[in-house]
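Secondary and tertiary structure notes
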Amino acid sequence: MTRTSLTREEVLAAAGSLVRRHGPAALTMRKLAAELGTAVTSIYWHVGNRESLLDALVERTVEELGEIRPRGRTPADRIVSVGRTLRRELRARPHLIAMVHERGLTERMFLPAQQALVHEVHAAGLRGARAAQAVRAVQFQVVGYVLVERNRERAPVQRPDEEELWHTGAAPAEHDPALARSLAGPVDQDRLFTDSIRALVTGLLTGSTGRP
């Protein structure tokens, strides 16, 4: 049964869901109409043609990335929370982020997160070039980590894999068997990210007041 009532927000939400699951190529007006149980003409009425729909999706993604709210008792805790939230949001919508990048809106998308970071590095006592460097370091750490995660997930099966390499003794870890065992095991990506960004933030803020 064809729906008779539909809102623009419902159209954008369904379109965003299609892109997140299958990529931009899967987003056609016919598929979107089927997803919503409505006529194709209804989609055009609410969002225009496909290019207009993609532009609206990009704008929606930019707005969603602007809703990051720092949490924690200290500036360092709040900076880490921004990094964790930003990573989660980027990982949740890779195809949409790629669309934002293709339309030249990446810097605008990251501006709210940067503004949140500026507030916290100021609260930690950093100013000027040091503050700017800290903001960029955190942003680059998050984006770089997400790219590495995505590349690992899409990489072909490795032979030999990491476990085999470190168990064969070919790597120089004879004097640190615990290291070899750890590197041969699975990666806890959440914990590694949190540990690495916290170490980065501690290093960046150390010296602003004489202590982390």
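The structure under discussion appears in the preceding block.
Residues numbered from 1 in each chain as written. Predicted model: local features only at pLDDT ≥ 70, side-chain atom pairs only at ≥ 80, totals over all residues. Heavy atoms only, no water.

**A short note on the overall build of the protein chain**
Put simply, the test is: Elements are defined by DSSP. Helices are runs of H or I of four residues or more, strands are runs of E of two residues or more, and each kind is numbered from the N terminus. Only the C-alpha atoms count toward the radius of gyration. The rule for a globule is 2.2 Å times the residue count to the power 0.38. Here the accessible surface of atoms and residues is derived via Shrake-Rupley with a 1.4 Å probe, and residues count as covered only by protein chains that are part of the display. We count Lys and Arg on the positive side and Asp and Glu on the negative side, and we leave His and both chain ends out. The location of each charge is read from NZ of Lys, CZ of Arg, CG of Asp or CD of Glu.
Across its full length, the protein chain carries 11 helices and zero strands. Walking the protein chain from its N terminus toward its C terminus, one meets helices and strands in the order α-α-α-α-α-α-α-α-α-α-α. Over its C-alpha trace the protein chain gives a radius of gyration of 22 Å, far above what one expects of a compact globule, namely 17 Å for 212 residues. When the accessible surface of the protein chain is totalled, it reaches about 12700 Å², and 54% of it is carbon and sulfur. Of the charged side chains in the protein chain, 30 are positive and 25 negative, and the gap between their average positions amounts to 5 Å.

**A few points about the environment of Ala155**
Worth spelling out the cut-off: To sort residues, take the accessible area from a 1.4 Å probe on protein chains only and compare it with the maximum for the residue type: under 20% means buried, over 50% means exposed, and anything in between is partly exposed.
Following the sequence through the fold, Ala155 ends up in the loop between helix H8 (128-154) and helix H9 (162-167). Judged by relative accessible area, which is 38%, Ala155 ranks as partly exposed. Separated by 48 residues in the primary sequence, Ala155 and Glu107 have C-alpha atoms spaced 28 Å apart.

**With respect to helix H11 (residues 189-205)**
Spelled out, the test is: Expected helix span is taken as 1.5 Å per residue step, with the number of steps being one fewer than the number of residues. Only heavy atoms matter for contacts: two residues are in contact if any of them lie within 4.5 Å across the pair.
Between its first and last C-alpha, H11 extends 24 Å over 17 residues, near the 24 Å set by a 1.5 Å rise per residue. As for H11, its buried residues are in contact with helix H5 (75-92) and H8.

**Remarks on the packing of aromatic side chains**
Under the convention used in this document: A pair of Phe, Tyr and Trp rings is counted when the ring centres sit within 6.5 Å of each other, with Trp represented by its six-membered ring. The angle between the planes then sorts it: under 30 degrees is stacked, over 60 is edge-to-face, the rest tilted.
One pass over the structure, following the stated rule, counts one aromatic pair. Consider the rings of Tyr145 and Phe193, whose centres lie 5.0 Å apart with planes at 65°: the pair is edge-to-face. One end of the pair, Tyr145, is in helix H8; the other, Phe193, is in helix H11, with 48 residues separating them in the sequence. Note on accessibility: Tyr145 and Phe193 belong to one class, buried.

**Looking at the pattern of salt bridges**
For clarity, the cut-off: Any Lys or Arg side-chain nitrogen found within 4 Å of a carboxyl oxygen on Asp or Glu counts as a salt bridge.
A full pass over the atoms with the stated rule returns 15 salt bridges. Notably, a salt bridge pairs Arg87 with Asp190, separated by 2.9 Å at the nearest N-O pair. Pair noted here: Arg87 is in helix H5 and Asp190 is in helix H11, with a separation of 103 residues, a long-range link. Among the residues examined, Asp190 registers a relative accessible area of 47% and is labelled partly exposed. The salt bridge partner of Glu89 is Arg93, with a shortest N-O separation of 2.4 Å. In terms of burial, Glu89 and Arg93 fall into one category: buried.

**Some points on the environment of His101**
Its location among the elements puts His101 in helix H6 (residues 94-102). C-alpha separation for the pair His101 and Val58, spaced 43 residues apart in sequence, amounts to 9.2 Å.

**Re the side chain of Glu120**
Applicable threshold: Distance and chemistry together define a polar contact, namely a pair of N or O atoms within 3.5 Å, with one atom able to donate a hydrogen and the other to accept it when in protein, and with adjacent residues in sequence counting only for side-chain atoms on both sides.
For Glu120, the location among the structural elements is in helix H7 (residues 106-123). Since its relative accessible area comes to 3%, Glu120 is described here as buried. A distance of 2.7 Å separates polar atoms of two side chains, one belonging to Glu120 and the other to Arg78. If sequence neighbours within four positions are ignored, Glu120 has contacts with Pro70, Pro75, Arg78 and Ile79.

**Some thoughts on helix H1 (residues 8-22)**
The terminal C-alpha atoms of H1 lie 21 Å apart, and with 15 residues this matches the ideal 21 Å at 1.5 Å per residue to within 8%. Listed in full, the buried residues belonging to H1 are Val11, Leu12, Ala14, Ala15, Gly16, Leu18 and Val19. Those residues of H1 that are buried are in contact with helix H2 (29-36), helix H3 (40-47), helix H4 (50-65) and H6. Positive backbone phi, at 95°, marks Gly23, one or two positions downstream of H1.

**Thoughts on the packing of H1 against H2**
Filter applied, for reference: Orientation is described by lines fitted to C-alpha atoms, with helices fitted over the stretch in contact, and by angles between N-to-C directions that extend from 0 to 180 degrees. For classification purposes, an angle smaller than 35 degrees is called roughly parallel, one larger than 145 roughly antiparallel, one from 65 to 115 roughly perpendicular, and anything else oblique. Less than a right angle of anticlockwise turn of the near helix away from the far helix marks a crossing as left-handed, whereas a clockwise turn marks it as right-handed.
Axis separation between H1 and H2 bottoms out at 10 Å; the angle between their running directions is 115°. Considered as vectors, H1 and H2 are oriented roughly perpendicular to each other. Crossing of H1 over H2 shows right-handed handedness. In this structure, H1 contributes Glu10, Val11, Ala14, Ala15, Leu18 and Arg21 to the contact, and H2 contributes Lys31, Leu32, Glu35 and Leu36.

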